[in-house]
Amino acid sequence: MLEPFSSVMQKWLYDRFYGYYKVDNIGSGGDFYTSVSLSKFFGASIARYIIRLLEEEKLTLPLNIIEIGANNGNLISDIAEFLSAFSSEVFANSSFATLEHVDSMIATQRATFEERIKTRFHKEIFTFSNISDINVKENIFFISNEIFDSMPCDLIIKDSMLYFDDGFVWGKISDEVMDFKERFKANGAEISLSWESFIRQLCLLDKWVFLTFDYGDFIARDMNLRMFYKHKVYNFYEELDSGRILDFFAKSDITYDVDFSVLRNIFKSYGTEEIFCLTQSKCLIEECFILEVFEIFSKNFSNKIKIKQTANLNGLINPAAMGDVFKALCVSHNIA
């Protein structure tokens, strides 16, 4: 029976028994870095942006902060930690949660938050397995880092779509994928129907702001599906042609560039308002005030620590590093 590639990618990453994300593979000892693993000031600047949203009355207290796809729980912990430093009132009137369906990751996120936040500030963390499980309906701040590029995608080359049936074969583009391409002007090789499903469910909730960071561009790029293994990058299409692709199955991360034009079209079609769509550098500097935040806290650093933290900060905002290759999209729903 023919399976679309998106089904293979779902198993590759998320199978409950052998999926790649069953364990934490991110960081210096894993297969790749993220902004979170590079610097705590990534989370610090997001905490500062939350304060700004409250100051501008886009959101009000009590506030619900939910990270989607929180990996090891460090980002939601960073946000909580710095939020407590910025405002004891906001921190006291905020709840923290993750949206996560991988059981092993849920346990890791809870352990991280309990060690870093609960033991010091007596704050609990909650976990939702699905968007439909979220029992708060308004004043929600959603944050995600690199989730859209990990949602299963289908592969399109010219008039063909990739399937699996005891081996990979190219066949006719499904009607469902073709409809998606036409409605959202999706012109890339990697097409993720999961994006619309996710956004549709999100928009059933009331009054929220959603901020996401991801590797990608404002327009579609050429074929770019790739695997990360031990900090090395392997081109999916080259490995497919060589017959080695199954050697990477569930052993490596598999990801693709996010076409932010498609993402923006989907959000718009479901009635959200776009706050901004920027490079990560511009977002962190102009919207989240990361340089000001760094200046405040670095006053207490030793010279050695300040040099290291400055280098990590530059990794987040330098255009030649993560600053331009990562993009940030922020949208709101039912915010006056």
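Residues numbered from 1 in each chain as written. Predicted model: local features only at pLDDT ≥ 70, side-chain atom pairs only at ≥ 80, totals over all residues. Heavy atoms only, no water.

Engineer: Could you give an account of the sheet that holds strand β13 (residues 253-255), with specific residues and numbers?
Structural biologist: On the basis of which strands lie adjacent, the open sheet formed by three strands has the order β12-β11-β13 and antiparallel pairing. Looking along the sheet, the strands with just one partner apiece sit at the ends: β12 (232-235) and β13. Within the sheet, the average angular offset between the axes of one strand and its neighbour, ignoring direction, is 30 degrees. As judged from the four bridges shared by strand β11 (residues 226-229) and β12, these two strands associate in the antiparallel manner. The residue of β12 that forms the bridge with Tyr229 is Lys232. (Pairing = 2+ DSSP bridges. Helix = DSSP H or I, 4+ residues; strand = E, 2+ residues; numbered from the N terminus. Axes fitted to C-alpha atoms, helices over the stretch in contact; angles between N-to-C directions.)

Engineer: So, the pattern of salt bridges: which residues are in play, and what are the values?
Structural biologist: Applying the stated criterion across every chain yields a total of 19 salt bridges. Of the charged contacts in the structure, one is a salt bridge between Arg48 and Glu55, with a shortest N-O distance of 3.9 Å. Three or more residues are tied together by salt bridges with common partners; here these are Lys40, Asp78, Glu81, Arg116 and Arg120. (Salt bridge = Lys/Arg side-chain N within 4 Å of Asp/Glu carboxyl O.)

Engineer: Talk me through the packing of helix α3 (residues 41-55) against helix α11 (residues 280-287); I want residue IDs and the actual numbers.
Structural biologist: Between α3 and α11, the shortest axis-to-axis distance is 9 Å and the interhelical angle comes to 55 degrees. Judged by the inter-axis angle, α3 sits oblique to α11. By crossing handedness, the relation of α3 to α11 is classed as left-handed. Here Phe42, Ser45, Tyr49 and Arg52 of α3 come into contact with α11, specifically with Gln280, Leu284, Glu286 and Glu287. Looking at the contact of α3 with α11, its residues break down into three nonpolar, two polar and three charged. (Parallel < 35°, antiparallel > 145°, perpendicular 65-115°, else oblique. Left-handed = near helix turned anticlockwise from the far one by under 90°. Contact = heavy atoms within 4.5 Å. Nonpolar A, V, L, I, M, F, W, Y, C, P; charged D, E, K, R; others polar.)

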